[in-house]
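# A look at the structure
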Amino acid sequence: MKHPWSSQRFREGARAEGRSEGLIAAAEAAADAIKRTNPDLPVILTLGHLAHLAGVPIEALQAVAFRKEDSYRVFRVKKRGTPNGVAAPPRRYRTICVPHQDLMRAQRWIAQNILNAVPPHPASYAFAPGRDLVGAAKRHVEAKWLVKMDVRHFFESIPERRVYRVFRSLGYGALLSFQMARVCTRLAQHQTSDVRLQEGRGDTGLPYRRHRQGHLPQGAPTSPMLANLVMWPLDRRIEALAARGGWTYTRYADDLAFSRRNASARGEAMHLAKAVEHELVKFGLINNREKTTIVPPGARKVLLGVLVDREQPRLTREFRNNVETHLFALANPKVGAAAHRAKRGFASTIGMRRHIEGLIAFAHQVDKDYGATLYRQLNAVDWNR
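Each chain has its residues counted from 1, following the order in which its sequence is written. Reporting in this predicted model follows two pLDDT cut-offs: at least 70 for local features of residues, and 80 or more for side-chain atom pairs to be given and counted; totals over whole chains, interfaces and linings ignore these cut-offs and use all residues. For side-chain calculations, the full set of non-hydrogen atoms in the structure is used, while hydrogens and water are omitted.

## Things to note about the pattern of salt bridges
Two side chains bearing opposite charge may form a pair once their charged atoms approach each other closely. Short version of the rule: We count a salt bridge whenever a side-chain nitrogen from Lys or Arg sits within 4 Å of a carboxyl oxygen from Asp or Glu. Secondary structure elements follow DSSP: runs of H or I of four or more residues count as helices, runs of E of two or more count as strands, with numbering from the N terminus. Residue burial is assigned from relative accessible area. The probe radius is 1.4 Å, only protein chains are included, and a residue is buried under 20% of its type maximum, exposed over 50%, and partly exposed in between.
In this structure the tally under the stated criterion is 15 salt bridges. Of the charged contacts in the structure, one is a salt bridge between Glu277 and Arg289, with a shortest N-O distance of 2.7 Å. Of this pair, Glu277 sits in helix α10 (residues 266-282) while Arg289 is found in the loop between β6 (286-287) and β7 (293-295), placing the two residues 12 residues apart along the sequence. For Glu277, a relative accessible area of 16% puts it in the buried group. Here Glu357 and Arg353 are joined by a salt bridge, their closest N and O atoms 3.3 Å apart. Of the two residues, Glu357 and Arg353 both sit in helix α13 (residues 349-366), 4 residues apart, roughly one turn of that helix. The exposure class assigned to Glu357 is partly exposed, which follows from its relative accessible area of 31%. Residue Arg353 is classed as partly exposed on the basis of its relative accessible area of 37%. Put simply, Arg67, Glu160 and Arg182 are held in one network by salt bridges that share partners.

So this is what it looks like as structure tokens:
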């Protein structure tokens, strides 16, 4: 048990502090509700208790929970091409929201101690221990038919109310779940999420009908795992829908993939795509139709930047050429880091180095021997030239 809890020790300490029996009983009931849900979850009774556990001032969390301030540094990052060399989508930037120090510390504590203890749906392969891109790709190897779909503005489309429901489902009290949902979401001037979303008749006492909802900010350490947990019921429905037609389903963040190893027809693939889009819309998400792709037998099958046409995922030729060109230029005495950075348009040598390191890390996930060779070449680079 990662976070042991003793009702007896709590009761003794609370009585020593002069707490009333009614308050002690209420706290013990709240703790029991959490531990019944998952014994590895930490007992948290109030926002002040969370602040104490995370080691941050209560005032910092209150400011966020009461929407008194926007505790994020917001900036845009240009989107580069995908790993297999495909051009970036029309919106060539993504909005990144980095929490300020105290909020970052609290969110990291929530991510590590609460969200990390709750596994996502088996079809989800991103942002979870033991799940990765290669694992998702392996589910689709030797596919004859491949259908790829994408959710537009994925994090921004997940509203605060659904985050609240995640914490409630873990056994935390209504008020604390509301406050933790506020701590993990951001209220922006422009929102893509439907703040009028109604998911049932429960929890009508919450002020979501009167106030705008926040959404998951991309860049917060809690957002990826919360998105996975929010998506659980949708993953379950889509997996069942796909299985009825003989399709294998995986989701890697906002990328949905479906494959079949047996015979099919384009009409069946189109029907699947339309049915999945209907489920996304019902859930409040938007399918990016421009990125919906149906890949028939005989066509080149690239999923999440890797080829899945054989028994094991493989790096594409475009990817290999790209990373090898980087390393060749860096090692070439006639080029070097400074000239290559200028030619490729990187703002700094450090930024270029991190980009190349990211490419090699990706290669190492897919092909460890090849990745090890690339790392040896990278380690020999003189970055001061």
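Back to the write-up after that little detour.
## Some details on unusual backbone geometry
Positive phi is not limited to glycine here, since Arg67 has a value of about 55 degrees. Its place among the elements puts Arg67 in the loop between α4 (58-65) and β1 (72-78).

## Describing the confidence of the model for the chain
Put simply, the rule reads: Values of pLDDT, which run from 0 to 100, indicate the predictor's confidence residue by residue. Should any heavy atoms of two residues lie within 4.5 Å, those residues are considered in contact.
Of the residues in the chain, 90% have a pLDDT of 70 or more, and the chain-wide mean is 90. Low pLDDT, under 50, characterises residues 82-89; the stretch is placed with 12 contacts to residues that sit more than four places away or in other chains.

## Focus on empty space enclosed by the protein
Heads up, the rule is: Of the grid points, spaced at 1 Å and generated over the protein atoms alone, those admitting a 1.4 Å probe that cannot get out make up cavities, while open sets with protein on both sides within 12 Å along at least five of seven lines make up pockets; any residue with an atom within 4 Å of a point is treated as lining. Grid points are joined across faces, edges and corners, and a volume is the space filled by probe spheres set on the points. Residues were grouped as follows: Ala, Val, Leu, Ile, Met, Phe, Trp, Tyr, Cys and Pro as nonpolar; Asp, Glu, Lys and Arg as charged; and all remaining residues, including Gly, as polar.
All chains considered together, the criterion is met by 1 cavity of 30 Å³ or more. Space inside the largest cavity adds up to approximately 50 Å³. Leu115, Val118, Pro120, Phe127, Ala128, Pro129, Met225, Asn228 and Leu229 together form the lining of the largest cavity. Counted by class, the lining of the largest cavity contains 8 nonpolar, 1 polar and no charged residues.

## Quick word on the nonpolar core
When a protein is soluble and globular, its nonpolar side chains tend to lie buried together. We apply this condition: In plain words, nonpolar cores are sets of buried Ala, Val, Leu, Ile, Met, Phe, Trp, Tyr and Cys residues tied together by side-chain atoms within 4.5 Å.
By size, the foremost hydrophobic cluster in this structure holds 66 residues, and its most contacted members are Ile114 and Phe258. With 10 residues, helix α9 (residues 223-244) is the single largest residue contributor to this core.

## What about the sheet that holds strand β9 (residues 306-307)?
Rules: DSSP calls a pair of strands paired once it identifies at least 2 bridges connecting them.
The sheet built from 3 strands is open, its strands ordered β8-β9-β10 with antiparallel pairing. The outermost strands of the open sheet, each flanked by one partner alone, are β8 (302-303) and β10 (314-315). Direction of pairing for β9 relative to β10: antiparallel, over a ladder of 2 bridges. Considered in β10, the bridge of Leu307 is made with Arg314.

## A few points about the packing of aromatic side chains
Here a ring pair, both rings aromatic, is described through the centre-centre distance and the interplanar angle of the planes. Rules: Aromatic rings from Phe, Tyr and Trp, with only the six-membered ring used for Trp, were paired whenever their centres fell within 6.5 Å, and each pair was classed as stacked if the ring planes differed by under 30 degrees, edge-to-face if by over 60, and tilted otherwise. Note on criteria: charge over ring means Lys NZ or Arg CZ within 6 Å of the ring centre, with the direction from the centre no more than 35 degrees off the ring normal.
Evaluated as defined, the whole model comprises 5 aromatic pairs. A ring pair is formed by Tyr249 and Phe258, whose centres lie 5.1 Å apart and whose planes are at 25 degrees; its orientation type is stacked. Under the relative-accessibility criterion, Tyr249 is labelled buried at 2%. Seen from the ring of Phe283, Arg162 lies directly overhead, with NZ or CZ sitting 3.8 Å from the centre. The ring of Trp247 carries the charged tip of Arg260 above its face, separated from the ring centre by 5.5 Å.

## Quick notes on the state of the cysteines
Note the threshold: Cysteine sulfur atoms are paired as a disulfide whenever they fall within 2.5 Å.
Applying the stated criterion across every chain yields a total of 0 disulfides. Not engaged in a disulfide, the cysteine Cys184 finds its nearest cysteine sulfur in Cys97; these two sulfurs lie 14 Å apart. Of the residues examined, Cys184 reaches a relative accessible area of 0% and is grouped as buried.

## Concerning the packing of α4 against helix α8 (residues 174-183)
Our working definition: Axes here mean lines fitted to C-alpha atoms, for a helix over just the part in contact, with angles spanning 0 to 180 degrees between N-to-C directions. Working definition: roughly parallel below 35 degrees, roughly antiparallel above 145 degrees, roughly perpendicular at 65 to 115 degrees, and oblique for all remaining angles.
In contact at an axis separation of 8 Å, α4 and α8 are set at 85 degrees when each is read in the N-to-C sense. Between α4 and α8, the angle is such that the two are roughly perpendicular. Across the interface between the two elements, Leu61, Val64 and Ala65 from α4 touch Gln179, Arg182 and Val183 from α8. The residue inventory of the contact of α4 with α8, partitioned by class, reads 4 nonpolar, 1 polar and 1 charged.

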